Amino acid sequence: MWFVENYDEKASLGLKVKKKLHEEQSKFQKIDIYETEFFGNLLTLDGLVMLTEKDEFVYHEMITHMPLCTIKNPERVLVIGGGDGGAVREILKHDSIKEVVMCEIDQRVTDLCRIYFPTTTCKLDDPRVKLHFEDGFKFMDGYEGYFDLIITDSSDPVGPGVALFQEDYYRLVKKALKPGGIMVSQSESPWYFEDTMTSMTGAMANVFKNVQTYIALVTLYPSGLWTMTAASDSLSLYDFDEKRSAKIAETCKYYNPEIHKGALALPNFVKKIVHNTK
Ligand code: AG3
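Residues numbered from 1 in each chain as written. Predicted model: local features only at pLDDT ≥ 70, side-chain atom pairs only at ≥ 80, totals over all residues. Heavy atoms only, no water.

(A) Broad picture of the domain arrangement of the protein chain. Domain annotation of the protein chain identifies domain 1 (2-52) and domain 2 (56-274). Put simply, the middle of domain 1 and the middle of domain 2, counted by C-alpha atoms, are 22 Å apart. Listed per partner, the contact involves 24 residues of domain 1 and 21 residues of domain 2. A salt bridge links E24 to R108; the shortest N-O distance between them is 2.8 Å. (Domains from an automatic or database assignment. Contact = heavy atoms within 4.5 Å. Salt bridge = Lys/Arg side-chain N within 4 Å of Asp/Glu carboxyl O.)

Written out as C-alpha cells, the structure reads:
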C-alpha cells in the first residue's frame, strides 16, 4: 500500500505504508495516520503530509531556532497551529523561556499525536506550556505587546489555515508581539506555491520593516525545497547569538550556526518570488 500526496495533478509523492493506524473526519479536516516503511509514523491533514517521525526535526528545528537565536532573551512564545507539539519541544530548549502558548484549532490533532507521535508531543505537559484549542486569529486578538516570538506552524493555504497567510493576520501578530519582537511563518515551496509566497511576503512587508525568507530542506514536503519567512521591525536573522546557536545545535540534527547563515542564502529564482527586505 502506498500513501500518495498529489500536487495539483502536476507531480506526487509516494510513501510505502505498512498499515493505516487511524482515520477520522474531525470538525475541521480529514486526519489520517499511517505507519510507513521507512519514515516511521506519518500524519496527514486533508491528504497533505504534515510530518513523519523520521524527518520532523528539520522543520521544527528550523522554524524555532532561527528566530529564537536572533532574540536576545526570549521569554514568551506563541505557536499558532503546531498541534503535533514539535515546535513547542524545540522552543523549550532555550533556557530563558518562561511561557509557551500553543493555539491549535483542532484538538483532535493534538489528542491523536499524543498517541502516535510521542516524540513530538513529549513537552506539551511542561509547566511552562499553555494549550488552547481555538481559532488562532481570534485568540491572538486578546494580546498586546506580549510575545517575543510568534510562530505560525500551519498547513497549506487551504482549509482552516487560509487566513494565516493574509495581511490582517500579520497585523494582529504585530499587535500581539512586543515592540522588538519577531514572527516566523512556514512559507511553502517556491516550486509549487510561487503566488502564495509572493503574496504572503508582500503582505508581511506591508506590516513589518524586515522580511526574510530562508530555506529548510524538508524531504517530504512538495519539492523538498521548503521556506520559512521571518518578519520584524528591528531584528534581522543575520544578527544572531552564535554562541547560543552552537549550544542549541548540540541537541539538534539539522540546525547549527553554519546552517543558520546558509539558510538565508536564496537561489536567484526564489529571490525573485519573495519580498526580501534585507
Ligand atoms: N506544517 C505543514 C506544512 C505544509 C505541508 N504541505 C504539504 N505537504 N503540502 C507542518 C506541521 C508540522 N508541525
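(B) Structural view of the state of the cysteines. Under the defined criterion, the tally for this structure stands at zero disulfides. Here C69 stays free of any disulfide, with the sulfur of C252 as its closest cysteine sulfur at 8.3 Å. On the accessibility criterion, C69 (1% relative accessible area) is buried. (Disulfide = S-S within 2.5 Å. Buried < 20%, exposed > 50% of the residue type's maximum accessible area, 1.4 Å probe, protein only.)

(C) Representation of the sheet that holds strand β9 (residues 147-153) in the model. Taken in spatial order, the seven strands make up an open sheet running β8-β7-β6-β9-β10-β12-β11, and their pairing is mixed. In the strand order of this sheet, the two ends are held by β8 (129-132) and β11 (210-217), each with one partner. On average, adjacent strands in this sheet sit at an angle of 15° to one another, irrespective of strand direction. Across five bridges, the pairing between β9 and strand β10 (residues 177-186) is parallel. Bridge assignment links F147 to a residue of β10, and that residue is L177. Along the sheet, helix α7 (residues 194-207) contacts β10, β11 and β12 (225-232); its crossing angle with β11, the most-contacted strand, is approximately 145°. (Pairing = 2+ DSSP bridges. Helix = DSSP H or I, 4+ residues; strand = E, 2+ residues; numbered from the N terminus. Axes fitted to C-alpha atoms, helices over the stretch in contact; angles between N-to-C directions.)

(D) Expanded view of the site of the ligand. Every one of the 14 residues lining the ligand counts as a neighbour, but E5, H60, D84, D153 and D156 are closest to it. Within the side chain of D84, a nitrogen or oxygen atom sits 2.6 Å from a nitrogen atom of the ligand. A distance of 2.8 Å separates a nitrogen atom of the ligand from a polar side-chain atom of D156. Relative to its unbound accessible surface of 400 Å², the ligand loses 98% to contact with the protein. Residue assignment for the shell around the ligand shows that the elements contributing at least two residues are β5 (48-52) and α1 (56-68). (Near = heavy atom within 4 Å. Polar contact = N/O pair within 3.5 Å; in protein donor to acceptor, adjacent residues only side chain to side chain. Areas by Shrake-Rupley, 256 points an atom, 1.4 Å probe, with all protein chains shown as cover.)

(E) Main features of the pattern of salt bridges. Here the structure, examined in full by the defined rule, presents 24 salt bridges. Between D111 and R108 there is a salt bridge; the shortest N-O distance is 3.8 Å. Placement of both D111 and R108 in helix α3 (residues 107-116) is noted, with a separation of three residues, approximately one turn of the helix. A relative accessible area of 33% means that R108 is categorised as partly exposed.

(F) A look at α7. With 14 residues, α7 ought to run about 20 Å at 1.5 Å a step, and its terminal C-alpha atoms sit 20 Å apart, in line with that. Listed in full, the buried residues belonging to α7 are T196, M197, M200, T201, G202, A203, M204 and V207. Residues of α7 that are buried sit in contact with α6 (167-176), β10, β11, β12 and α10 (268-273). (Expected span 1.5 Å × (residues − 1).)

(G) Structural detail: the sheet that holds strand β4 (residues 41-45). Pairing in this open sheet of five strands is antiparallel, and the strands run β1-β2-β3-β4-β5 from one edge to the other. Here the strands that pair on one side only, and so sit at the sheet edges, are β1 (2-7) and β5. With strand direction ignored, the average angle separating the axes of adjacent strands in the sheet is 45°. Judged from the four bridges that link them, β4 and β5 form a sheet pairing that is antiparallel. Note that in β5 the partner of T44 across the bridge is V49. Of the strands in this sheet, β2 (11-25), β3 (30-36) and β4 are in contact with α3, which crosses β2 at around 95°.

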